[in-house]
Amino acid sequence: MTAKIIDGTAVAEQIRAEVGAAVAKRIEAGLSKPGLATVLVGENPASQVYVRSKHKACGEVGIESFGFQLPASASQGEVEELVKQLNADPKVNGILVQLPLPAGLDEERVLNAISIEKDVDGFHPLNIGRLAQKGRDPLFIPCTPAGTMYLLENNVDKIEGLNAVVLGRSNIVGMPVALLLVRANATVTICHSRTQNLPDVVRSADILVAAIGKPEMVRGDWVKPGAVVIDVGVNRVEDQTRPKGYRLTGDVAFDEAKEVAGAITPVPGGVGPMTIAMLLKNTLRAAILSDK
Ligand code: GUN
């Protein structure tokens, strides 16, 4: 059996078109243009690339974006002061502080300074806390986890009752994905570097979300036949046949796993494009919330 290849680029394109249409409608109705502010501290090259793509995507759907850059030497107070100014700026509906922050800055304090109504990344402790609790709803759901769930909801008949295995427990992906799967009534196992008999645990997964950052760690014979596999990993591996000297690969050995899985996301072109689509959706939602 060969798996269905889940085309995240096409799904994200459709979401972006929907956001673009909703933004145009707002403006026609005399409402404000949604605005996103990004805060980039330091010069992490991967973060620079991500932030640039976020601004480009905003422009394409009519969302205004404002980029703020601070040097790696910025103090805790300077970063928090910028966040406070953005909280007070009515043109800014969403604030995104690109992570990771340079060493020496306290990430939790910075995220805590973001007004929860503008927390389009969903990383404010209050939003994450609500995500973890029954009967409470966060204002925003983190973008990559939201994109992962969107792809699952569109490729699994019924998530409820299935065994879901999440590989990785990061604040940005693994943990919020696990919380979302619990909310969807899956039976969730979180695996990490200390998990024993990892291949056996992964083999129990009807749904597998791999977000561990290890190139092609999940082999084809770890995958349960028919499972839906979402590969969140984006790893650079050396490849001298490519112009850049490297290629991108996921956490799953795609060529092996696609022979066993029911459906699988490729890397690139799977979850990656969904992250930005969800950020645009969250920014539009923040603008709508600010209308009231
Ligand atoms: N770094 C890696 N992914 C993300 C993300 O979704 N948001 C932010 N702010 N930083 C990140």
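This text follows the structure it describes.
Note that this is a predicted model, so its numbers are computed, not measured. Position numbers for residues count from 1 along each chain, tracking the sequence in the order it is written. Local features in this predicted model are restricted to residues whose pLDDT is 70 or higher, and side-chain atom pairs enter the listing and the counts only when it is 80 or higher, whereas totals over whole chains, interfaces and linings include all residues. Note that the side-chain values use all heavy atoms of the structure and ignore hydrogens as well as water.

*Asks:* Teacher, can you tell me more about the sheet that holds strand β1 (residues 4-5) here?
*Replies:* Pairing between sheet strands relies on hydrogen bonds along the backbone, with the strands arranged either parallel or antiparallel. Read across the sheet, 6 strands follow the order β1-β11-β8-β7-β5-β6 without closing on themselves; strand pairing throughout is parallel. The sheet terminates laterally at β1 and β6 (187-191), the two strands that pair on one side only. By definition, two strands form a pair when at least two bridges between them are found by DSSP. Elements are defined by DSSP. Helices are runs of H or I of four residues or more, strands are runs of E of two residues or more, and each kind is numbered from the N terminus. The sheet contact formed by strand β7 (residues 207-210) and strand β8 (residues 228-231) spans 4 bridges and is parallel. Along β8, the bridge assignment pairs Ile 207 with Val 228. Two residues qualify as a contact provided that any one of their heavy atoms is within 4.5 Å of a heavy atom in the partner residue. Only the stretch in contact is used when fitting a helix axis, every axis being a line fitted to C-alpha atoms; angles between N-to-C directions are given from 0 to 180 degrees. The strands that helix α6 (residues 143-153) touches are β7 and β8; relative to β8, the one it contacts most, it runs at about 155°.

*Asks:* Is there a simple way to think about the packing of helix α2 (residues 45-61) against helix α10 (residues 272-291) in this case?
*Replies:* Working note: a packed helix pair is described by the angle between its axes plus the distance between those axes. Orientation of α2 relative to α10, taken along the N-to-C sense of each, is 55°, at an axis distance of 10 Å. Judged on the interaxial angle alone, α10 and α2 are oblique. Taken as a pair, α2 and α10 cross one another with a handedness that is right-handed. Judged by residue contacts, Ser 53, Lys 54, Ala 57, Cys 58 and Val 61 of α2 engage Ile 276, Leu 279 and Leu 280 from α10. We call two directions roughly parallel when the angle between them is under 35 degrees, roughly antiparallel when it is over 145, roughly perpendicular when it lies between 65 and 115, and oblique otherwise. Each crossing gets its handedness from the near helix: less than a right angle anticlockwise from the far helix is left-handed, clockwise is right-handed.

*Asks:* I tried to follow the pattern of salt bridges on my own but got confused; where do I start?
*Replies:* Pairs can form between side chains of opposite charge whenever their charged atoms are close. A side-chain nitrogen of Lys or Arg and a carboxyl oxygen of Asp or Glu constitute a salt bridge if their distance falls within 4 Å. Scanning the entire structure with this criterion turns up 12 salt bridges. The partner of Arg 219 in a salt bridge is Glu 256, and the shortest N-O contact between them spans 2.5 Å. Of this pair, Arg 219 sits in the loop between β7 and β8 while Glu 256 sits in helix α9 (residues 254-257), placing them 37 residues apart in sequence. Here Glu 256 falls in the partly exposed class, since its relative accessible area comes to 34%. One salt bridge in this structure joins Arg 242 and Asp 239, with 3.6 Å as the shortest N-O distance. When accessible area is computed with a 1.4 Å probe and restricted to protein chains, residues below 20% of their type maximum are described as buried, those above 50% as exposed, and intermediate ones as partly exposed. A residue is classified by how much of its surface remains accessible, and Asp 239, at 14% relative accessible area, is buried.

*Asks:* Sorry, what's going on with unusual backbone geometry here?
*Replies:* Note on backbone geometry: most residues besides glycine have negative phi, and most peptide bonds are trans. In this structure, Pro 100 follows Leu 99 across a cis peptide bond, with omega equal to 5°. Residue position: Pro 100 is located in the loop between β4 (94-97) and α4 (107-113). Val 267 connects to Pro 268 through a cis peptide bond whose omega is -5°. Within the fold, Pro 268 resides in the loop between β11 (263-264) and α10. Here Asn 185, not a glycine, exhibits a phi torsion of approximately 65°, which is positive. The residue Asn 185 is located in the loop between α7 (174-183) and β6 in this model. Although it is not a glycine, Glu 216 adopts a positive phi angle of roughly 50°. When you line up the elements, Glu 216 lands in the loop between β7 and β8.

*Asks:* What is the right way to read the nonpolar core from this model?
*Replies:* When a protein is soluble and globular, its nonpolar side chains tend to lie buried together. The nonpolar core is taken to be a set of buried Ala, Val, Leu, Ile, Met, Phe, Trp, Tyr and Cys residues, with the residues joined through side-chain atoms within 4.5 Å. The biggest cluster of nonpolar side chains holds 45 residues, and the ones touching the most others in it are Leu 152, Leu 181 and Ile 230. Those elements that place two or more of their residues in this core are α1 (8-28), α2, α6, β5 (163-167), α7, β7, β8 and α10. Top contributing element to this core by residue count: α10, with 8 residues. Membership of the second largest hydrophobic core comes to 20 residues, among which are Val 41, Leu 101, Val 110 and Phe 123.

*Asks:* I tried to follow the sheet that holds strand β2 (residues 35-41) on my own but got confused; where do I start?
*Replies:* Across the sheet, which stays open at both edges, the 3 strands sit in the order β3-β2-β4 with parallel pairing between neighbours. Edge positions in the sheet fall to β3 (64-70) and β4, since each has one partner strand and no second. Neighbouring strand axes in the sheet, compared pairwise and without regard to direction, differ in orientation by 15° on average. Strands β2, β3 and β4 of the sheet are contacted by α2, whose axis makes an angle of about 170° with β2.

*Asks:* What exactly am I supposed to notice about the packing of α1 against α10 here?
*Replies:* Here α1 crosses α10 at 20°, and the two axes come no closer than 8 Å. Here α10 runs roughly parallel to α1, going by the angle between their axes. Between α1 and α10 lies a crossing of left-handed hand. The residues of α10 that touch α1, namely those facing Gly 8, Thr 9, Val 11, Ala 12, Ile 15, Arg 16, Val 19, Ala 22, Val 23 and Arg 26, are Pro 273, Met 274, Ile 276, Ala 277, Met 278, Leu 280, Lys 281, Leu 284, Ala 287, Ile 288 and Asp 291. The classification used treats Ala, Val, Leu, Ile, Met, Phe, Trp, Tyr, Cys and Pro as nonpolar, Asp, Glu, Lys and Arg as charged, and all other residues, Gly among them, as polar. The residue makeup of the contact of α1 with α10, split by class, is 15 nonpolar, 2 polar and 4 charged.

*Asks:* What exactly am I supposed to notice about the side chain of Asp 121 here?
*Replies:* Structurally, Asp 121 is set in the loop between α4 and α5 (125-131). Charged residues are defined here as Lys and Arg on the positive side and Asp and Glu on the negative side; His and the ends of the chain fall outside this count. For the buried Asp 121, which has no salt bridge, the nearest side chain bearing the opposite charge is Lys 54, at an N-O separation of 5.5 Å. Beyond its immediate stretch of four places on either side in the chain, Asp 121 contacts Leu 96, Val 97, Ile 141, Pro 142 and Cys 143.

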